[in-house]
Each structure stands twice: as C-alpha cells, then as structure tokens.
Amino acid sequence: MRQAAHNPAQDPAEGPVGPPCQDAEPRRGRPRSAAVERAILDAVLQLLETGETLDGLSIERIARTAGVGKATIYRRWSGKEELFVDVLRDIEPADPAVSGTAGLDDLRIMLESMRTRSLAQRTSTLLHNVFVQMKKHPRLWTEYQTTVLGPRRAAMLAAVQRAVDAGELRGDLDVELMNDLFLGPMLVRTVHRPEAPLPEDLVDRIISALLQGLAPRSPKAQVTAVEPTAAPV
C-alpha cells in the first residue's frame, strides 16, 4: 500500500520548507512544491486503498491525511473531482512514446499500450476501484474523456492519417472509421469483456485481420485425383 508522507514539505505559501539555500536566486510569485502535491496524491490513494469512495472523500480529510491545509489543495484543484482525475492519471502507466512520423508502427505501439494498461487494471484492485468510481460520476467521466482519452484518440487518428499518407492504408475511406475499426476490437476485449484473454500477439492479430479483410479467400484450385480404371475380369 502506498503511504502518504507523514511530514511532507510545507507549501511555500504556508511556511518555509527548510533552511534557505545560500546560492539560490530569489523567486517571484508563489512556487508550487512537488513534495506537497505528491503528498496530496498519495493521501487520496491511501484513502482509496482502504475502500473509501469518492462520495465519502472530503477535502478536509484528504488535507488531514496529507498533512497540509485545505487551502493548499484548493490552490491546485478546484475540488475533489478535478483532484481525482489527476490521481487517475498519476497511477496510470505513461502514454507510450511514438515516432510521430510512422503510421502503422505508431498505431501498433498505442494499441499495445491499451492492452498492457488493461492487464494492469485487471490485476490491481485499486485501479479497478478507481475506474468504477470514475464512471459513477458523469461530470468526472466527461473530464477524464476530455483530458485523457481525447488526446489519446487524437494521437491514434494522426497515426492512421500518417498510414494513409504513406500508402499503408486505403485513402478512400474515412479516417475516423478506420481508427474505430482498429480501436474497436481492443475496447471490446478490455472494457466490454473483462474476462476475455489479452494475449501478447493480440495487436498484431487485429492489425493483420483488418489489413487482410474478413471476406473469405478464393479457394485454391483443387486437383481431383482420378481413380485407376479397374481391369476387366
């Protein structure tokens, strides 16, 4: 279980964070402390791991667990819903690095990332519970779609367009439709059928099936063996 820091660095707005550095240049404004933000995120995770729901969480309790003031949280997040989205982003694996120039190769990398994220969610009670909480709150789910899923979809659309431009995919089909055709099978396996297998070669099988098409192949010419004529008795 991840633990919130017992004595996180204080928010610069609330007091000193330690002895001043003699060589540091004076800062302007009110800088944020990474240690404070880390403590707040860890506090939410700690509470979620104990079985707390989003409805049961309060900014006051999060602040108390993190060892900061409520004002420190509100300076960074407008409320617990916005904070919750950042918590989800924090515990998710980072989006994969893609070339930005390749088509199908980049698409393959992004689909594989979806597969591995789903595997992690299946084996993590925390991740599963977080997504369940997310989907119970329409406003929160909309925020997650806008800030997390939206950019991922845009990146996939761009990869499909690069594949079209490179001649790897047909240019006479709608790019969004083709993107959905690649994305659909993975979503079915990862979202709608959580018990479905996610083998290591799944991405290659999806791409291969789409590129080859689903229509039956022309049967090969069959050579009929001629039985030898029986000799007359």
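What counts as what
- Residues numbered from 1 in each chain as written.
- Predicted model: local features only at pLDDT ≥ 70, side-chain atom pairs only at ≥ 80, totals over all residues.
- Heavy atoms only, no water.
- Helix = DSSP H or I, 4+ residues; strand = E, 2+ residues; numbered from the N terminus.
- Buried < 20%, exposed > 50% of the residue type's maximum accessible area, 1.4 Å probe, protein only.
- Contact = heavy atoms within 4.5 Å.
- Areas by Shrake-Rupley, 256 points an atom, 1.4 Å probe, with all protein chains shown as cover.
- Expected span 1.5 Å × (residues − 1).
- Arc of directions from axis to C-beta.
- Phe/Tyr/Trp six-rings, centres within 6.5 Å; stacked < 30°, edge-to-face > 60°.
- Core = buried A, V, L, I, M, F, W, Y, C linked by side-chain atoms within 4.5 Å.
- pLDDT = per-residue confidence, 0-100.

Q: Honestly, the overall build of the protein in this entry has me stumped. Any pointers?
A: Within the protein, the secondary structure is distributed over nine helices and zero strands. Along the chain direction, N to C, the helices and strands of the protein fall in the order α-α-α-α-α-α-α-α-α. Among the 233 residues that make up the protein, the fraction classed as buried is 34%. In the protein, the share of contacts with a sequence separation of at least 24, taken over all contacts with a separation of at least 6, comes to 65%. For the protein, the accessible surface area stands at approximately 14600 Å², while carbon and sulfur atoms represent 54% of it.

Q: In this structure, what is going on with helix H5 (residues 104-123)? I would like to understand it.
A: Side chains three or four residues apart in an α-helix point the same way, a direct result of the helix having 3.6 residues per turn. Compared with the 28 Å implied by 1.5 Å per residue over 20 residues, the 29 Å span of H5 between its first and last C-alpha is a close match. At its buried positions, H5 is contacted by helix H7 (138-165), helix H8 (175-192) and helix H9 (202-212).

Q: How should I be thinking about helix H6 (residues 125-135) in this particular structure?
A: Of all the positions in H6, only Leu126, Leu127, Val130, Phe131, Gln133 and Met134 are classed as buried. Taken around the axis of H6, the buried residues stretch over an arc of 160 degrees, which confines them to a single face. On its buried face, H6 is in contact with helix H1 (34-49), helix H4 (80-91), H5 and H7.

Q: I'm lost on the packing of aromatic side chains in this one. Help?
A: For any pair of aromatic rings, geometry is given as the distance between the ring centres together with the angle between the planes. Counted by the stated rule, this structure contains one aromatic pair. Note on tryptophan 141 and tyrosine 144: the rings are 5.5 Å apart at their centroids and 35 degrees apart in plane angle, and the pair reads as tilted. Of the two residues, tryptophan 141 and tyrosine 144 are both situated in helix H7; the distance of three residues between them amounts to about one turn of the helix. Residue classification places tryptophan 141 among the partly exposed positions, given a relative accessible area of 23%.

Q: I would appreciate a short explanation of the nonpolar core in the present structure.
A: One recurring pattern in soluble globular proteins is that nonpolar side chains are buried together. In terms of nonpolar packing, the biggest core is built from 32 residues, with Ile40, Leu48, Ile62, Ile73 and Leu83 touching the most fellow members. At the level of secondary structure, the elements contributing two or more residues to this core comprise H1, helix H2 (59-66), H4, H6 and H7. In terms of residue count, H1 provides more of this core than any other element does, nine residues in total. Counting 22 residues, the second largest nonpolar core, distinct from the first, contains Leu111, Leu157, Met178 and Phe182.

Q: Teacher, can you tell me more about the confidence of the model for the protein here?
A: Detailed reading of the predicted coordinates is not advisable wherever pLDDT is low. Residue-level pLDDT values for the protein average 81, and 80% of them are 70 or greater. Mean pLDDT per element in the protein: H6 is the minimum at 77, and H9 is the maximum at 96. Overall, residues 1-9 carries pLDDT values under 50, and its contacts beyond four positions in sequence, including any with other chains, amount to 25 contacts. Scored below 50 in pLDDT, residues 12-30 shows 12 contacts in the model against residues more than four places distant or in partner chains.

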